[in-house]
Amino acid sequence: PIFFTVFSGKQGFSGTTILREGYTINWGKQDSRLAYIGIFDEENEPVSTFNPGDISLDVSQALKAKEIFEIEENFFIVTPIVYNKTKYGNVILGLSLKSFYENISKNETTTLYICLAMLLLGVLFSYFFSNKITRPLIQLTEAAGNISQGNTDVDIDIHTRDEVGTLCKNFK
């Protein structure tokens with residue numbers, strides 16, 4: 001095998017590419033995220049390509065790219081093949097963004113369910129605590145209404161340890 005160091009300064013990618021008699025790298029075929037790999041000589045003629053998703057890629061335009069670019073939910077990077085400070089060609093690597101988008105969608109769904117659960121818990125806690133606060137006040141209001149109608153035999157059964165409880169105790 002022939003070993004070439006592959007690097008791309010701006011993008012920060014580095015690694016080693018192994019070319020075997022003009023065939024595409026077998027390890028790349030095993031990665032389901034790999035959407036495209038193309039190895040091109042110094043005249044930009046293809047040495048080997050692997051395109052399992054039949055992505056329509058304008059190779060001449062792609063080889064001119066200076067930045068990462070996206071086509072059909074795949075992102076691509078072009079990097080030179082350099083050995084002993086001599087450029088021998090380029091590698092175009094395309095990775096599928098489908099799994100990233102699926103993870104984002106799953107995370108959005110999970111976040112939605114968590115938010116709905118928190119909303120439901122908030123509503124339930126609000127209902128519980130508002131009843132805890134208003135129930136003694138309603139009983140006290142009914143007792144005051146009975147007393148205003150002349151019924152002084154009013155029993156208030158409120159046992160809170162706050163101002164309302166103190167008022168009810170003094171009201172008896």
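Residues numbered from 1 in each chain as written. Predicted model: local features only at pLDDT ≥ 70, side-chain atom pairs only at ≥ 80, totals over all residues. Heavy atoms only, no water.

Asks: Which residues make up the overall build of the protein chain, and what values go with them?
Replies: When its secondary structure is counted, the protein chain shows four helices and seven strands. Along its sequence from the N terminus, the protein chain presents helices and strands in the succession β-β-α-β-β-α-β-β-β-α-α. Across the protein chain, the fraction of contacts at a sequence separation of at least 24, relative to all contacts at a separation of at least 6, is 41%. Taken as a whole, the protein chain presents about 12,500 Å² of accessible surface, with 56% of it coming from carbon and sulfur. (Helix = DSSP H or I, 4+ residues; strand = E, 2+ residues; numbered from the N terminus. Contact = heavy atoms within 4.5 Å. Areas by Shrake-Rupley, 256 points an atom, 1.4 Å probe, with all protein chains shown as cover.)

Asks: Requested: an account of the pairing of strand S3 (residues 34-41), with residues and values cited.
Replies: Taken across its eight residues, S3 has seven buried, putting it largely inside the fold. Inspection of the sheet shows S3 paired to strand S7 (residues 86-96) by seven bridges, in the antiparallel sense. Bridge pairing in S7 links Leu 34 to Leu 95. With four bridges joining them, S3 and strand S4 (residues 46-50) adopt antiparallel strand pairing. Residue pairing in the sheet places Gly 38 in a bridge with Thr 49 of S4. Counting the residues between successive antiparallel strands, the hairpin from S3 to S4 contains four residues, one of them, Asn 44, with a positive phi of roughly 65°. (Buried < 20%, exposed > 50% of the residue type's maximum accessible area, 1.4 Å probe, protein only. Pairing = 2+ DSSP bridges.)

Asks: Describe in detail the nonpolar core, supporting the description with residues and values.
Replies: Core analysis: the biggest nonpolar cluster contains 11 residues, these being Ala 35, Tyr 36, Phe 40, Ile 55, Leu 57, Ala 62, Leu 63, Phe 69, Phe 76, Val 78 and Ile 92. Mapped by element, the contributors of at least two residues to this core are S3, helix H2 (59-64) and strand S6 (74-83). Residue contributions to this core peak at three residues, all from S3. Not counting chain neighbours up to four residues away, the residues in contact with Leu 63 comprise Phe 40, Asn 44, Val 78, Asn 90 and Ile 92. (Core = buried A, V, L, I, M, F, W, Y, C linked by side-chain atoms within 4.5 Å.)

Asks: Explain unusual backbone geometry residue by residue, including any values.
Replies: Phi at Glu 73 takes a positive value of approximately 60°, unusual for a residue other than glycine. Along the chain, Glu 73 falls in the loop between strand S5 (69-71) and S6. With a phi close to 50°, Asn 84 is a non-glycine residue in the positive phi region. Secondary-structure assignment places Asn 84 in the loop between S6 and S7.

Asks: Outline a nonpolar patch on the surface, listing residues and values.
Replies: Residues Ile 114, Met 118, Leu 120, Leu 121, Leu 124, Phe 125, Phe 128 and Phe 129 make up a contiguous nonpolar surface patch of about 850 Å² in total accessible area. Mapped onto the secondary structure, Met 118 falls in helix H3 (residues 98-148). A residue is classified by how much of its surface remains accessible, and Met 118, at 53% relative accessible area, is exposed. (Patch = residues over 30% accessible without salt bridge, like charges linked within 9 Å, V, L, I, M, F, W, Y side chains within 5 Å. Salt bridge = Lys/Arg side-chain N within 4 Å of Asp/Glu carboxyl O.)

Asks: Lay out the packing of aromatic side chains in plain terms, naming residues and giving numbers.
Replies: Going through the model one piece at a time under the given rule, you end up with five aromatic pairs. Between Phe 69 and Phe 76 the ring centres are 5.3 Å apart and the planes differ by 10°, which places this aromatic pair in the stacked class. We note that Phe 69, like Phe 76, is buried. Ring pairing ties together the aromatic residues Tyr 36, Phe 69 and Phe 76, which thus form one cluster. (Phe/Tyr/Trp six-rings, centres within 6.5 Å; stacked < 30°, edge-to-face > 60°.)

Asks: Please provide a residue-by-residue account of the pairing of S6, values included.
Replies: Among the 10 residues in S6, eight count as buried, and that is most of the element. As defined by bridge partners, S5 adjoins S6 across three bridges and the pair is classed as antiparallel. Residue pairing in the sheet places Ile 71 in a bridge with Asn 74 of S6. The pairing of S6 with S7 spans 10 bridges and is antiparallel. In the strand pairing of S7, Pro 80 is matched with Asn 90. Counting the residues that bridge the hairpin from S6 to S7 gives two residues, and of these Asn 84 lies at a positive phi of roughly 50°.

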